[in-house]
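# Coordinate inspection notes
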Amino acid sequence: MIKLTISREQAGERLDRSLAQALPAFSRARLQALIRDGFVTVNGKAARPRDAVRTGDAVEVREPEIEKSDAQPESIPLEILFEDDDLLVINKPAGLVMHPGAGHQQHTLVNALLAHCQNLSGIGGKERPGIVHRLDKETSGALVIAKNDVTHRDLSKQFAARTMGKIYLALVAGTPRKAAGVIDKAIERHPIHRQRMSIARRQGRSAKTEYRVIRSSGDVSLIECTLHSGRTHQIRVHLHHLGHPVLGDKLYAGKRAGNFPRQMLHAWKLAFRHPRSGEQMTFEAPIPRDFAEAMPK
């Protein structure tokens, strides 16, 4: 049980947003699920994620007992970059779905992890054991998995504190006017197309992407993107806003997506502090063949 008292500065905020700020170890999506399922009360009563909080409100957050995953282990090959008793770092291939869901009950990363590991963190819920952060189905690259809850909480805090290093490579349409720059634009759910995100018109969630052009052929550019936040579709939305969408991105690039089987985005480097040893660790995921073959010469 976690007990909180709403401060004057938090008053007027949505319940889910104020909790996300106060409890960085929990994702906002996780908190919304806990609120909807009745595991969060305000002054002893059930609430909704969008309810505004008031100064002095007593908020209690209770985590339910971890349910055993319904997913079945599957012998799916994993490219392992590092592994010890606490965590696992893999190079996720493009096309692999992260966890079971609508239309994807089998052949997911979770199925592969259950076959590879005897234990996984249960904080992500029974559908997402061990999952600390996510990559889109079509995005390849470095991904860290937690084997226990202590590791999961620590890594989640590093993500929330933005101390985890995340560098991506993207192939985009055209050549940006500036060879390097920063896109500091908040992101929100698209008001009409609910599968998409967009640059926020009012509030949204802060998002910052630093980019530099590595090389370009005019029609195609190889761009390095450093994330200073971790919003849904962040790089894809920011590069689309810049006027140079990710190639193969059918959701945002439209006709400029080109003839690519998937979005050309690769989580290249991942850096974090090991939760147990305190060692600073950096991993580089090898570039997949389809991505390398499409890079400008």
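Attention in this report is confined to the structure presented alongside it. (Residues numbered from 1 in each chain as written. Predicted model: local features only at pLDDT ≥ 70, side-chain atom pairs only at ≥ 80, totals over all residues. Heavy atoms only, no water.)

This part is about the overall build of the chain. Looking only at helices and strands, one finds six helices and 15 strands in the chain. Here the chain has a C-alpha radius of gyration of 20 Å; the compact-globule value for 297 residues is 19 Å, and the two agree. Counting all 297 residues of the chain, 47% fall into the buried class. Restricting to contacts in the chain with at least 6 residues of sequence separation, those with at least 24 account for 64%. Approximately 15,600 Å² of the chain is accessible, and the part contributed by carbon and sulfur atoms is 47%. Computed over 46 positive and 32 negative side-chain charges, the inter-centroid distance for the chain is 8 Å. (Helix = DSSP H or I, 4+ residues; strand = E, 2+ residues; numbered from the N terminus. Rg over C-alpha atoms; globule rule 2.2 N^0.38 Å. Buried < 20%, exposed > 50% of the residue type's maximum accessible area, 1.4 Å probe, protein only. Contact = heavy atoms within 4.5 Å. Areas by Shrake-Rupley, 256 points an atom, 1.4 Å probe, with all protein chains shown as cover. Lys, Arg positive; Asp, Glu negative; His and termini not counted. Charge placed at Lys NZ, Arg CZ, Asp CG, Glu CD.)

Moving on to the nonpolar core. Counting residues in each nonpolar core, the largest one holds 30 residues, and the members touching the most others are Leu109, Leu113, Ile145, Tyr168 and Leu239. Breaking this core down by element, the ones donating at least two residues are β6 (87–92), α3 (109–116), β7 (140–146), β8 (165–173), β12 (208–216), β13 (220–227), α5 (234–242) and β14 (265–273). It is α3 that contributes the most residues to this core, four residues altogether. If we ignore the near neighbours within four places in the chain, the residues touching Leu109 are Leu78, Ile90, Leu96, Val97, Met98, Ile131, Leu143 and Ile145. By size, the runner-up hydrophobic cluster in this structure holds 17 residues, among which are Leu15, Ile35, Val53 and Val61. (Core = buried A, V, L, I, M, F, W, Y, C linked by side-chain atoms within 4.5 Å.)

Overall, the coordinates contain two aromatic pairs when judged by the stated rule. Here the aromatic rings of Phe82 and Phe283 are separated by 5.5 Å at their centres, their planes lie at 45 degrees, and the arrangement is tilted. In this pair, Phe82 is assigned in strand β5 (residues 80–83) and Phe283 in strand β15 (residues 280–284), connecting sequence segments 201 residues apart. For Phe283, a relative accessible area of 10% translates into the label buried. Counting every residue linked through ring pairs, the aromatic cluster contains Phe82, Phe272 and Phe283. (Phe/Tyr/Trp six-rings, centres within 6.5 Å; stacked < 30°, edge-to-face > 60°.)

If charged atoms from side chains of opposite charge come close, those side chains can pair. Within this structure, the stated rule accounts for nine salt bridges. Notably, a salt bridge pairs Arg273 with Asp154, separated by 3.0 Å at the nearest N-O pair. Of this pair, Arg273 sits in strand β14 while Asp154 sits in helix α4 (residues 149–160), and the two are 119 residues apart along the sequence. Judged by relative accessible area, which is 31%, Arg273 ranks as partly exposed. When salt bridges that share partners are traced, they join Asp136, Arg236 and Asp249 into one network. (Salt bridge = Lys/Arg side-chain N within 4 Å of Asp/Glu carboxyl O.)

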